[in-house]
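# Architecture at a glance
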Amino acid sequence: MALMKALRKTTANPGLELCEVEVPSIRSDQVLVKIEIAAICGTDLHIYNWDKWSSDRVKTPRTIGHEFAGRIVKLGEDVRHLKEGMLVTAEGHFTCGQCYYCRTGQGHICDDVKILGVDVDGIFAEYAAIDAKNIWLLPEDRDPAIGAIHDPLGNAVHSAYAHCLTGQNVVITGCGPIGLFCVALARHAGARKVFASDINEYRLDLARRLGADYVVNSRNGDLTSLVHKVTGIGADILLEMSGSKEALADGLGALRKGAAASLLGIFSDSVSMDLDAVIFNQLTLYGINGRRVFDTWYQMEAALESGLDVSPVITHRFSFEEYEKGMALMNAGNCGKVLLIP
Ligand code: NAD
Ligand code: ZN
């Protein structure tokens, strides 16, 4: 059996291990992908740090990672619609296909979802076995680095495209990779003014480069007053991309009456909020989970094809051997998207 390198969680402790393991075998409905570029997601960092969520969810040993671009090197015997050599990425949520949600076109909230690199072996490896139905074909001329970030870009597309952004004043709280993608999407969609907040100057600089008109460091600035001052009545749309209670309060406070918000950021514990403001200001709050499979993917493809440029979000590249540098950088936060090259 051929061997490959893989970054694995081998014991129920913080950290990872660069291992030699067998190249995975594939089921008849899967393909084997040779990974060209992987990207580190916040989820991978949670698993690396071994927080409560990951220690409750992840069974060891497990190869982690789910953001990638690569080429198909082998097809399962039932796979007809794909070919060896194709440049691909994949939707990392494997839906059951049987539950109420799957059967009504809402697979993104499937009752029995399995996640690549969380519940099944992932792509921080030279090769990965992926369900053919989850494969997303990339155009041959797509930079594989951009191909590798389709999954988080899809989270941003799902959040942003829940609204018509054209001509609207848009507030984005949190300029991690997904918030940064939202800045670029709002600009691309023809937003009027784009406001972005974070507590990290490195990320606020990136937000400026991606087209934010106003950036606010919430540690010393007042997003809510600024937005009201500039717009007169408050913003039309909030995209909450931080998972911070303070940012949520700032963002909701920045909205005009009748406005809408997408909530993607995940809060580490329960949040209390001013529901009277939601009620009397007639706000609409959308919870956003993952990507609509595959509606969001077609919308993302359309945005990229029509000139959406998210390349400034990619700030660092490391080899697999240097994974600890990548994780440390992500923990410190002075980065956009960090790539790992097998
Ligand atoms: P990230 O952690 O890199 O970004 C969050 C950003 O929020 C950071 O840059 C941080 O400095 C900033 N922040 C913290 N406090 C703030 C404050 N008071 N005001 C403004 N900004 C503040 O995360 P990411 O990978 O970009 O993902 C964004 C969020 O979405 C995370 O909370 C993540 O867990 C969540 N997420 C949700 C889904 C979903 O399906 N709902 C999927 C992926 C990620
Ligand atoms: Zn299901």
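A brief report on the enclosed structure follows.

Thresholds applied
Residues numbered from 1 in each chain as written. Chains lettered and ligands numbered in written order. Predicted model: local features only at pLDDT ≥ 70, side-chain atom pairs only at ≥ 80, totals over all residues. Heavy atoms only, no water. Helix = DSSP H or I, 4+ residues; strand = E, 2+ residues; numbered from the N terminus. Buried < 20%, exposed > 50% of the residue type's maximum accessible area, 1.4 Å probe, protein only. Lys, Arg positive; Asp, Glu negative; His and termini not counted. Salt bridge = Lys/Arg side-chain N within 4 Å of Asp/Glu carboxyl O. Polar contact = N/O pair within 3.5 Å; in protein donor to acceptor, adjacent residues only side chain to side chain. Contact = heavy atoms within 4.5 Å. Near = heavy atom within 4 Å. Areas by Shrake-Rupley, 256 points an atom, 1.4 Å probe, with all protein chains shown as cover. Nonpolar A, V, L, I, M, F, W, Y, C, P; charged D, E, K, R; others polar. Pairing = 2+ DSSP bridges. Phe/Tyr/Trp six-rings, centres within 6.5 Å; stacked < 30°, edge-to-face > 60°.

## Regarding the side chain of Arg203
Topologically, Arg203 is positioned in helix H7 (residues 201–209). Buried charge Arg203 goes without a salt bridge, the closest partner of opposite sign being Asp198 at 5.1 Å. There is a polar contact of 3.1 Å between the side chain of Arg203 and the backbone oxygen of Gly333. Ignoring anything within four residues of it in the chain, the contact list for Arg203 reads Cys175, Gly176, Pro177, Leu180, Asp198, Gly333, Cys335 and Gly336.

## Focus on the site of ligand 1
Taken together, 22 residues are adjacent to ligand 1, and Asp198, Arg203, Ile266, Ile288 and Gly290 come closest. A distance of 3.1 Å is found between an oxygen atom of ligand 1 and a backbone nitrogen or oxygen belonging to Ile178. Between Ser244 and ligand 1, the recorded distance is 3.1 Å, taken from a side-chain N or O atom to a nitrogen atom. Burial of ligand 1 by the protein chains amounts to 78% of its free accessible area of 850 Å². Elements with a minimum of two residues in the shell around ligand 1: helix H6 (177–188), strand E12 (194–198) and helix H9 (245–253). In terms of residue class, the shell around ligand 1 is built from nine nonpolar, ten polar and three charged.

## Thoughts on the sheet that holds strand E1 (residues 3–9)
Read from one edge to the other, the open sheet built from three strands follows the order E2-E1-E4, with strand pairing classed as antiparallel. The open sheet has two free edges, formed respectively by strand E2 (17–22) and strand E4 (62–63), since each of these has just one partner strand. Of the pairings in the sheet, the one linking E1 to E2 comprises six bridges and is antiparallel in character. Within the sheet, the bridge partner assigned to Met4 lies in E2 and is Val21.

## Quick notes on the packing of aromatic side chains
Within this structure, the stated rule accounts for six aromatic pairs. Between Trp136 and Tyr298, the ring centres sit 5.0 Å apart and the planes meet at 80°, which makes this aromatic pair edge-to-face. You can see Trp136 sitting in strand E10 (residues 135–137) and its partner Tyr298 sitting in helix H11 (residues 295–305), a full 162 residues away along the chain. Judged by its relative accessible area of 57%, Tyr298 falls in the exposed class. By way of ring pairs, the aromatic residues Trp136, Phe294, Trp297 and Tyr298 are connected into one cluster.

## Points about the pattern of salt bridges
Counted under the stated rule, the structure contains 19 salt bridges. Between Asp131 and Arg27 there is a salt bridge; the shortest N-O distance is 3.3 Å. Note that Asp131 is positioned in strand E9 (residues 127–131) and Arg27 in the loop between E2 and strand E3 (30–39), a separation of 104 residues in sequence. A relative accessible area of 12% means that Asp131 is categorised as buried. Beyond isolated ion pairs, a larger network of salt bridges with shared partners links Arg8, Arg62 and Asp121.

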